[in-house]
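Residues per chain are reported as follows:
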Amino acid sequence: MVTSSPFSFLNDMVDKLAPGLRAPAWLVDEMQHRLVLFLNHVLAQESEAMARLARQKDRVVLAQWRSFAIKLIATPAGLLDVAPAHARPDLTLAMLQASPFELAQAALRGDKPAVRIEGDVQLAAEVNWLVDHVRWDVEEDLSRVLGDAPAHALGQAARRLADGLRQFTSARAQSPAGPGRAQP
């Protein structure tokens, strides 16, 4: 017996609703600035990342997924800022995976999403290095608020949960019936 995945229904619903849903400009602007603050917090913990970005100062990266887009500019300090609307991107990164659910599954498996890259090769190499080497140390940030022991316990619990989700998604993808199919 073959059944379709519940995610296919959700994907169809997202595809139908997404074009008609537009966030107000002030909300998009605020969310982009909050994202930049977060990215800069993570970058500031890695001096090599900041040095690499400083070498790319005034270079603009346009990142796109579906109808979402953000232009980021490298600052002389080795951090990021939202680029002016009129700025021409030196590098465009467009995620090819349209389904948010399949994107989440790939992330849980530890896979990088498929990306179309257009523009400056050296800047693309630096962005790739950042993606491969810079990680948010959540446990360190939590320890500043909660203390070392509770932060470590939460970190261990989160890692176990993530490992369990990875095992589940990889077992589901490798099952003989395949993803989205009921087993007899």
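Residues numbered from 1 in each chain as written. Predicted model: local features only at pLDDT ≥ 70, side-chain atom pairs only at ≥ 80, totals over all residues. Heavy atoms only, no water.

Asker: Help me out: how do you make sense of the side chain of glutamine 56 in this one?
Answerer: Tracing the chain through its elements places glutamine 56 in the loop between helix H3 (47-54) and strand S1 (60-65). Residue glutamine 56 is classed as buried on the basis of its relative accessible area, which comes to 6%. Excluding anything up to four places from it in sequence, glutamine 56 contacts Ala74, Gln122, Leu123 and Glu126. (Helix = DSSP H or I, 4+ residues; strand = E, 2+ residues; numbered from the N terminus. Buried < 20%, exposed > 50% of the residue type's maximum accessible area, 1.4 Å probe, protein only. Contact = heavy atoms within 4.5 Å.)

Asker: Help me out: how do you make sense of the packing of H3 against helix H5 (residues 121-133) in this one?
Answerer: Angle between the axes and distance between the axes: these two values describe a pair of packed helices. Relative to each other, H3 and H5 sit at 165 degrees, their axes nearing to 10 Å. Looking at the two axes, H3 sits roughly antiparallel to H5. Of the two elements, H3 crosses H5, and the hand of that crossing is left-handed. Across the interface between the two elements, Glu48, Ala49, Arg52 and Leu53 from H3 touch Glu126, Trp129 and Leu130 from H5. Residues that form the contact of H3 with H5 fall into these classes: four nonpolar, no polar and three charged. (Axes fitted to C-alpha atoms, helices over the stretch in contact; angles between N-to-C directions. Parallel < 35°, antiparallel > 145°, perpendicular 65-115°, else oblique. Left-handed = near helix turned anticlockwise from the far one by under 90°. Nonpolar A, V, L, I, M, F, W, Y, C, P; charged D, E, K, R; others polar.)

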